[in-house]
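Letter by letter, the chains look like this.
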Amino acid sequence: MSLFSLSRAWPLRAAPLPDWLRQAAYTAAPWLLPLTLIVLWQTGASQGWISPQVLPPPAFVWDTLRDLATSGDLWLNTRASLQRVLVGFAVGGLLGLLLGTGMGLSRKLEAYVLPTFNALVQIPVLAWLPFVLLIVGIGEPLKYILIAKAALVPVTLNTLQGFRQANAALREVGRLYGYTRRQEVLEIVLPLATPTLFTGLRLGFTKAWLSLVVVELVASSEGLGFLIVYGRQLFQLDLVMAAVIVVGAIGYAIDRILDWAENRLIRGRPGAGLPSSEAPA
């Protein structure tokens with residue numbers, strides 16, 4: 001028998017990895033790409049592949065970030081940005097939940113509103129800027145309105161989708177058990193729609209955070225977007241990169257918080273099925 005035949009008859013099996021090693025590899029996997037980019041960044045800066053005026057070395061950016069934190073400028077600008085995005089997201093998210101719920105519960109309202117809504121959402125945030133600027137001026141309301149608009153779109157559409165994906169058979173069973181419209185929505189439709197609602201909220205916050213930076217780039221005298229513009233005007237790219245890092249870190253942290261809250265809520269909620277023993281007669 002040839003060696004090739006033997007290898008096919010008795011294939012070699014790799015020993016399974018220990019659980020702790022698999023867990024460590026799973027935990028470390030998301031950090032491989034960022035660490036690789038930092039290493040390439042440091043290598044390019046140290047070897048002179050790119051001019052420091054174009055791409056400052058990581059140590060220089062870290063020193064700038066530390067100086068911003070020490071002087072208090074980082075906190076002042078971060079607080080201004082967080083206030084804007086939280087207010088805008090709260091307003092846009094609430095309106096999106098109400099509008100999506102209304103269209104999800106009423107086919108007539110959906111028929112009247114959804115086509116116009118789908119047409120308006122195709123217009124980007126920056127295209128609304130001159131129009132809103134003429135109405136409310138260049139102050140804080142301008143930023144709140146544009147951020148709220150950005151959050152409104154994904155929250156509305158995902159809320160509508162969540163209400164529409166409720167199982168028609170379960171709703172019919174609820175009617176057979178004598179469920180009222182309110183009980184049907186709260187005990188059947190809403191539990192089934194919860195994951196989609198949270199997806200809409202997470203997407204809404206992402207859109208709101210991106211719009212915040214765009215709005216602050218155009219019209220602001222404070223905030224993380226203002227720091228980016230200020231650094232670009234002075235050609236201090238270390239300041240630009242430091243502000244960009246803070247923007248990414250805060251956005252990622254809040255997204256993780258929303259993901260944790262979603263997992264806790266979904267794990268903690270009761271099943272969406274109908275309890276026969278407690279169902280109303």
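The structure displayed is predicted, hence computed values, not measured ones.

The rules behind these values
Residues numbered from 1 in each chain as written. Predicted model: local features only at pLDDT ≥ 70, side-chain atom pairs only at ≥ 80, totals over all residues. Heavy atoms only, no water. Phe/Tyr/Trp six-rings, centres within 6.5 Å; stacked < 30°, edge-to-face > 60°. UniProt positions renumbered as here; feature names shortened; annotations may be inferred. Helix = DSSP H or I, 4+ residues; strand = E, 2+ residues; numbered from the N terminus. Axes fitted to C-alpha atoms, helices over the stretch in contact; angles between N-to-C directions. Parallel < 35°, antiparallel > 145°, perpendicular 65-115°, else oblique. Contact = heavy atoms within 4.5 Å. Nonpolar A, V, L, I, M, F, W, Y, C, P; charged D, E, K, R; others polar. Left-handed = near helix turned anticlockwise from the far one by under 90°. Salt bridge = Lys/Arg side-chain N within 4 Å of Asp/Glu carboxyl O. Buried < 20%, exposed > 50% of the residue type's maximum accessible area, 1.4 Å probe, protein only. pLDDT = per-residue confidence, 0-100.

1. Here we look at the packing of aromatic side chains
The way to describe two aromatic rings as a pair is by their centre distance and the angle between their planes. The final tally for this structure, using the stated rule, is four aromatic pairs. Through pairs of rings, three or more aromatic residues link up here, namely Phe89, Phe205 and Trp209.

2. Description of the UniProt feature "transmembrane region" (unreviewed entry) in the chain
Following the UniProt record, one finds the feature "transmembrane region" (unreviewed entry) at residues 85–105, 117–139, 209–230 and 237–254. Span residues 85–105 is 100% helix and 0% strand, its end C-alpha atoms 29 Å apart. Annotated as 100% helix and 0% strand, the span residues 237–254 places its first and last C-alpha atoms 26 Å apart.

3. Some remarks on the packing of helix α4 (residues 73–105) against helix α10 (residues 224–233)
To characterise two packed helices, one gives the angle between the axes of the helices and the distance between these axes. Viewed as axis vectors pointing N to C, α4 and α10 meet at an angle of 125°, and their least axial separation amounts to 7 Å. Between α4 and α10, the angle falls in the class oblique. Along the contact surface, α4 presents Leu74, Asn77, Thr78 and Ser81, while α10 presents Leu224, Phe226 and Leu227. In the contact of α4 with α10, the residues fall into four nonpolar, three polar and no charged.

4. Thoughts on the packing of helix α6 (residues 125–136) against helix α7 (residues 140–164)
The contact between α6 and α7 brings their axes to 10 Å, and the two run at 145°. The hand of the α6/α7 crossing is right-handed. On α7, the residues touching Val125, Trp128, Leu129, Val132, Leu133 and Val136 of α6 are Pro141, Leu142, Ile145, Leu146, Lys149 and Ala150.

5. Observations concerning the pattern of salt bridges
Scanning the entire structure with this criterion turns up ten salt bridges. For Glu140, the salt bridge identified is with Arg84, shortest N-O distance 2.9 Å. Separated by 56 residues along the polypeptide, Glu140 in helix α7 and Arg84 in helix α4 bring together distant segments of the chain. According to the relative accessible area criterion, Glu140 is partly exposed, its value standing at 29%. Arg84 gets classed as buried once you look at its relative accessible area, which sits at 2%. In this structure, Arg107 engages Glu110 in a salt bridge whose closest nitrogen and oxygen atoms are separated by 3.8 Å. Placement of both Arg107 and Glu110 in helix α5 (residues 107–120) is noted, with a separation of three residues, approximately one turn of the helix. Overall, Arg107 belongs to the exposed group, its relative accessible area being 58%. Here the salt bridges share partners, and the residues they tie into one network are Arg84, Glu140, Lys143, Glu216 and Glu222.

6. Observations concerning unusual backbone geometry
Its identity is not glycine, yet Phe235 carries a phi of approximately 55°, on the positive side. The topology assignment puts Phe235 in the loop between α10 and α11 (237–268). Its relative accessible area of 55% is what places Phe235 among the exposed residues.

7. Digging into the side chain of Ser81
Its location among the elements puts Ser81 in helix α4. Take Ser81: its relative accessible area is 0%, and that puts it in the buried class.

8. Let's talk about the confidence of the model for the chain
Per-residue confidence for the chain gives a mean pLDDT of 78; residues scoring 70 or more make up 79%. Here helix α1 (residues 3–9) stands out as the element of the chain with the lowest mean pLDDT, 50, in contrast to α4, whose mean of 89 is the highest.

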